[in-house]
Amino acid sequence: MENRGIVYKIAFSYLNKMNAALLREIESKDMSPEEFFTIPTKELISRLGINLDHDFDKMAREEAVVKAGIEWQQIKNHNIKPLFLLDENYPERLSEIFEPPIILYKLGDADLESDHIVSVVGTRKPTAYGLDFCNKIVEEIGDYFDDAVIVSGLAYGIDAAAHKKALDKGIATIAVVAHGLNMIYPAANRGIAKEIIKSGGAILSEYPFGTKPFKPNFLARNRIVAGLSDVTIVVESNVKGGAMSTANYAFLNNRDVMALPGRSSDDLSSGCNLLIRKNKAHLIECAADLIETTGWQPLNIPISAKQRNLFPELQGDDKKIYEILKYNSEPVQIDQIVHQTGIPASRLLGLLSELEFDGVIVRHPGNRFSIS
């Protein structure tokens, strides 16, 4: 069999009850993919030392290999690369999430290991407010990071806008779809998909060639959108929007989530406002907020003067105060600042007022302070 090793790896994805945990258990037993699919069932059970039901019997494994062989021929003819969970070329961030896909199909050349990958998601029916912010944040990210990659889901609305702006600005972009890579859904976005590939981006899917769009697949693919990046930005969403599932996947996998705030009366801001209120997302209004949250350092490009000063040139006691607040995730009491800086309380109050006036810090109820 040509490229037998690749076929056996793809075959794992055709076993109904195969998952990342079991796959890693197989690897820990020094069992190769070929051995897993070719040895007798009794030997398989004995070597793994775990209970295996009929989903892994000889017939089921042979059927999986046959399907994988057909899949390999189809994707090979279309220059689609299968990335296997246990291989070195599998994206590291994605391998760390709960339930990473066993096989990730990749069409295109985008760097899945870039240092600055941002997922941008939102409603399919955005307002002008949402579209303006989406365009602005993608452009700013590209200005600050020359290796930036924008990830989204190629859906109508915010997803498409994020991809388009990235393409316009020469920023690499990745679309994660919920069907096989033999098609593009929605069909109206085929042009965007072609430009993504042509520009050095990529289209990704966990679904085999020929898989049609199916509603549960769209929710499942959101974990990949979130898992590929360090931070997910939700532009606009109501509380039941699909973007909320992406945000929840990011939050549950200890990734940063950021959300654009909006008026309490706007339904398409209700999801974002909820994420911020529940402390599941940081508020974002510009790329400076992203930089502060992630700790990423812009590449020799000063932050716009229109954006608040995230890196004030402070000296003396002002710098001491800033450093204390900078490394605390929660607002800090005055007594704690006095204790850690040694600045007398009588002098500290004046310094805090000046820093607050300059927009460097924010005062919270109970005379607590944090970085603005």
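(A) Expanded view of helix α7 (residues 128-144). Taking 1.5 Å of rise per residue, the 17 residues of α7 would be expected to cover 24 Å, and the 24 Å separating its terminal C-alpha atoms lies within 8% of that figure. Listed in full, the buried residues belonging to α7 are Gly-130, Phe-133, Cys-134, Ile-137, Val-138, Glu-140, Ile-141 and Tyr-144. Looking down the long axis of α7, one finds its buried residues gathered within 165° of arc, a one-sided arrangement. More than 90 degrees from the buried face of α7, the exposed residues found are Ala-128 and Asp-132. Buried residues along α7 sit against β3 (117-121), β4 (149-152), α8 (158-168), β7 (231-234) and α13 (287-294).

(B) Spatial organisation of the packing of α7 against α8. Running from N to C, α7 and α8 cross one another at 35°; their axes reach a closest spacing of 9 Å. Handedness of the α7/α8 crossing: right-handed. Where α7 abuts α8, its residues Gly-130, Leu-131, Cys-134, Asn-135, Val-138 and Glu-139 lie against Ile-158, Ala-161, Ala-162, Lys-165 and Ala-166. Along the lines of polarity and charge, the residues of the contact of α7 with α8 split into seven nonpolar, two polar and two charged.

(C) Representation of unusual backbone geometry in the model. Between Tyr-185 and the following residue, Pro-186, the backbone shows a cis peptide bond with an omega angle of 0°. Within the element layout of this structure, Pro-186 appears in the loop between β5 (172-176) and α9 (190-198). The residue Asp-30 is not glycine, and still its phi comes out positive at about 60°. Take Asp-30: it is sitting in the loop between α2 (20-28) and α3 (33-38). Among the residues examined, Asp-30 registers a relative accessible area of 67% and is labelled exposed. A positive phi angle, near 60°, is found at Asn-279, a position not held by glycine. Structurally, Asn-279 is set in the loop between α12 (267-277) and β9 (282-283).

Analysis parameters
Residues numbered from 1 in each chain as written. Predicted model: local features only at pLDDT ≥ 70, side-chain atom pairs only at ≥ 80, totals over all residues. Heavy atoms only, no water. Helix = DSSP H or I, 4+ residues; strand = E, 2+ residues; numbered from the N terminus. Expected span 1.5 Å × (residues − 1). Buried < 20%, exposed > 50% of the residue type's maximum accessible area, 1.4 Å probe, protein only. Arc of directions from axis to C-beta. Contact = heavy atoms within 4.5 Å. Axes fitted to C-alpha atoms, helices over the stretch in contact; angles between N-to-C directions. Left-handed = near helix turned anticlockwise from the far one by under 90°. Nonpolar A, V, L, I, M, F, W, Y, C, P; charged D, E, K, R; others polar.

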